[in-house]
Each structure stands twice: as C-alpha cells, then as structure tokens.
Amino acid sequence: MRDSKKTNILLAMVGAAVLMASSPVLAQDATAPDPAVAEATTEAPATDAAAATTTDEAATTDEGHGGESLTPIKMFMDSGIVVKVVMIGLLVASIFTWVILIIKMIEFGGLNSKTNRFLENFRGARSIADMRKIATSDEFDGNPLADMAAAATEEVELSRQAGLSVTGEHRDAAITRASAAVSAVQSGLAGRLSGGQQFLASTGSTAPFVGLFGTVYGVMNSFIGIAESNTTNLAVVAPGIAEALLATGIGLFAAIPAVIFYNYFNTRISAYGIRSDGFAAELINAISRQLDKGA
C-alpha cells in the first residue's frame, strides 16, 4: 500500500515536471503565427500598396487633365485639319465683316455730309445753268444726287442745243427726257450703295452651318477616338468635343455681326433711296419752274 502511494507520488511529480518543461513550447507555439496566415498578411499590404499606387497614378492622370486649361488657342491647335480649315475660314469671314463695317460707316458718313452741302448749294441756284454748274463741280463729284441733277440739266441743255424750244412747244418733251435721265441714274443708286451687302448676307446665312459642319466632323472624330481607346473617361472625351464645339462658336461669332450689319446698312440704303426719290421730284419741279420762266 505504501509502495503504491509512493509510486503515485512519483508519477505525479514526473507529470508536473513534464508539464513545466513543455509549457514554454506551448506558449511559443501559441504565440507563433500560422505560416499561411503570415503569408496572407504579408501579401495583403503589398496588394493594398499596389492598389494605392494605381489609384494615386489615376488621380495624378485625372488631375493632369483637369488642371490643364483648355484655352481657345490650345483647342484650335489640337483640332484636326478639317476643323482648322473651317475655323480659319470663319475667322477670315469675320475679319472681312468688320472691315466692311468700317468702310461703309466711312462711306455713309461722307455721303450724307456731301449730300447736305450739295442740297444747300442746289437750292440757291437761280437758273438751269447754275444747277448744272453746281452738279458738275469737283466738290460734289460722285455724289448720287449731284449725278441726278447733272443728268437732268444735261438733257435739257442737249435739247436746247438741238434747236428745240424747251421753253415753248417742246417743254413737256424736255421735262420727260430729263425725268428719264434722272430715273436712269437713280436705278443704279442701290447698286452703288449696296457694295459688300451680298458678302454680309452670305456670311450671316452660311457661317452657322459651316461652323456646324466643323462641329459634327470634330465630334465624329472624338467618338472614333473613344471607340479606339476603349474608355469613356471624361478627361479623355471632353477636349475633343470642346474643340469641335469651338467651330460652332466661331461660326456664330462671324454670323451674328454680319446679320446685324446687313440689316443696319439695308436700313440706311433704304433711307437714302427715299431721300433720292424726294430730290428727284424737287429737281424736276425746279427745272419745270425755270423753263416756265424762260431760263
């Protein structure tokens, strides 16, 4: 019995010693990570780092597109050859439109000033000879109303030189011929004053469509580029579309002033035409009155 107790005590001591000896190993095993888990943990930061790098690169790329300013000059330089030709043509048309504006403003300013001086001198004439002298003077050379007066008085003078009695039996015939001469000069008045109007009308009516053609062609090329690059990133798509839309903008920039200037000068031409009609009646009345006086 005592031997059995001693044996049990010895076994218990041996077991305790074994447990004490094996406990550091257990602690070390519990602390050490699983190789598979450690490998996954090591690979995860690498993957995250790569993803972060890709994201940073994409952000940098997007930031580069977004930060780059798209000025009209840059969009023009980056556009295709067809769109460039359209833009250049519209810009040239716009320049000619403004040149025509300046020329016609100077023309109408000088025309009205000279007409006012001519009417003042014409109304002071005392005979048909005086009218002719004023109308043919160098001071009023090229003035439409002066040309009308010169044509009418010349016709009366030619009738007189032909031996016709312009103050007697041939008076009415002389006045009729003078009226016809005035009408002939007056019929060319619109053509003389409407120089450049056809260009303004053509620019105003066609420039928007020419610009639209450039836009359609540019947008078509942009969509072709999108299909080839397999991306719908706005930073890639937007510049091409903006370049195309610039053509329409230039078309409107050329067309709007052309339409405005055309209507403005059309009004001034019509106003001068009405003024010439009034002068034609005044001229024939003055000639008739002088013929009645025997002048």
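Residues numbered from 1 in each chain as written. Predicted model: local features only at pLDDT ≥ 70, side-chain atom pairs only at ≥ 80, totals over all residues. Heavy atoms only, no water.

1. Some details on helix α9 (residues 197-229)
Phase 1 of the analysis: In this model, α9 (33 residues) spans 48 Å end to end at C-alpha, consistent with the 48 Å of a helix rising 1.5 Å per residue.
Phase 2 of the analysis: Along its length, α9 shows its largest kink, about 40°, at threonine 206, and proline proline 208 lies within four residues downstream of that point.
Phase 3 of the analysis: Positive phi shows up at asparagine 230, right after α9, with a value of about 55°. (Helix = DSSP H or I, 4+ residues; strand = E, 2+ residues; numbered from the N terminus. Expected span 1.5 Å × (residues − 1). Bend = angle between axes of the 7 residues up to and from the residue.)

2. A few points about the pattern of salt bridges
Phase 1 of the analysis: Under the criterion given, the structure shown has 8 salt bridges.
Phase 2 of the analysis: The salt bridge partner of lysine 104 is glutamate 107, with a shortest N-O separation of 3.8 Å. Remark: glutamate 107 and lysine 104 occur in helix α4 (residues 81-122); sequence separation between them is 3 residues, near one turn of the helix.
Phase 3 of the analysis: Judged by relative accessible area, glutamate 107 falls into the partly exposed class, the value being 30%.
Phase 4 of the analysis: A salt bridge links aspartate 172 to arginine 171; the nearest nitrogen and oxygen atoms lie 2.9 Å apart.
Phase 5 of the analysis: Among the charged side chains, a salt-bridge network with shared partners connects Arg171, Asp172 and Asp292. (Salt bridge = Lys/Arg side-chain N within 4 Å of Asp/Glu carboxyl O. Buried < 20%, exposed > 50% of the residue type's maximum accessible area, 1.4 Å probe, protein only.)

3. Structural notes on helix α6 (residues 144-161)
Phase 1 of the analysis: Under the 1.5 Å per step criterion, the end-to-end length of α6 is 25 Å for 18 residues, consistent within 8% with the ideal 26 Å.
Phase 2 of the analysis: Every buried residue of α6 is accounted for by Pro144, Leu145, Ala146, Met148, Ala149, Ala150, Ala151, Ala152, Thr153, Val156 and Ser159.
Phase 3 of the analysis: The N-terminus of α6 is capped by asparagine 143, whose side-chain oxygen sits 3.1 Å from the backbone nitrogen of leucine 145.
Phase 4 of the analysis: Two residues or fewer past α6, glycine 163 is found with a positive phi of approximately 90°. (Polar contact = N/O pair within 3.5 Å; in protein donor to acceptor, adjacent residues only side chain to side chain.)

4. Remarks on the nonpolar core
Phase 1 of the analysis: Residues Phe118, Phe122, Phe279, Leu283 and Ile287 are the most contacted members of the largest nonpolar core, which totals 40 residues.
Phase 2 of the analysis: Broken down by secondary-structure element, the contributors of at least two residues to this core are α4, α5 (128-135), α6, α7 (171-187), α8 (189-193) and α10 (234-292).
Phase 3 of the analysis: Setting aside anything within four residues of it in sequence, one finds leucine 283 in contact with Phe122, Met148, Ala149, Ala152 and Val182.
Phase 4 of the analysis: Met75, Val86, Leu246 and Ala255 belong to the second largest nonpolar core, which has 11 residues in total. (Core = buried A, V, L, I, M, F, W, Y, C linked by side-chain atoms within 4.5 Å. Contact = heavy atoms within 4.5 Å.)

5. Overview of the packing of aromatic side chains
Phase 1 of the analysis: Within this structure, the stated rule accounts for 9 aromatic pairs.
Phase 2 of the analysis: Centroid distance tryptophan 98 to phenylalanine 261: 5.1 Å. Interplanar angle 80°. Geometry classified as edge-to-face. Placement of the pair is tryptophan 98 in helix α4 and phenylalanine 261 in helix α10, with a sequence separation of 163 residues.
Phase 3 of the analysis: When its relative accessible area of 10% is taken as the criterion, phenylalanine 261 is described as buried.
Phase 4 of the analysis: For the pair phenylalanine 213 and tyrosine 217, a centre-to-centre distance of 6.4 Å together with 40° between the ring planes defines the contact as tilted. Of this pair, phenylalanine 213 and tyrosine 217 both sit in helix α9, 4 residues apart, roughly one helical turn.
Phase 5 of the analysis: Residue phenylalanine 213 is classed as partly exposed on the basis of its relative accessible area of 47%.
Phase 6 of the analysis: Under the relative-accessibility criterion, tyrosine 217 is labelled partly exposed at 28%.
Phase 7 of the analysis: An aromatic cluster is built from Phe118, Phe122, Phe140 and Phe279, whose rings are joined through pairwise contacts.
Phase 8 of the analysis: In this structure, lysine 104 is placed above the aromatic ring of phenylalanine 265, and the distance from its NZ or CZ to the ring centre is 5.7 Å. (Phe/Tyr/Trp six-rings, centres within 6.5 Å; stacked < 30°, edge-to-face > 60°. Lys NZ or Arg CZ within 6 Å of the ring centre and 35° of its normal.)

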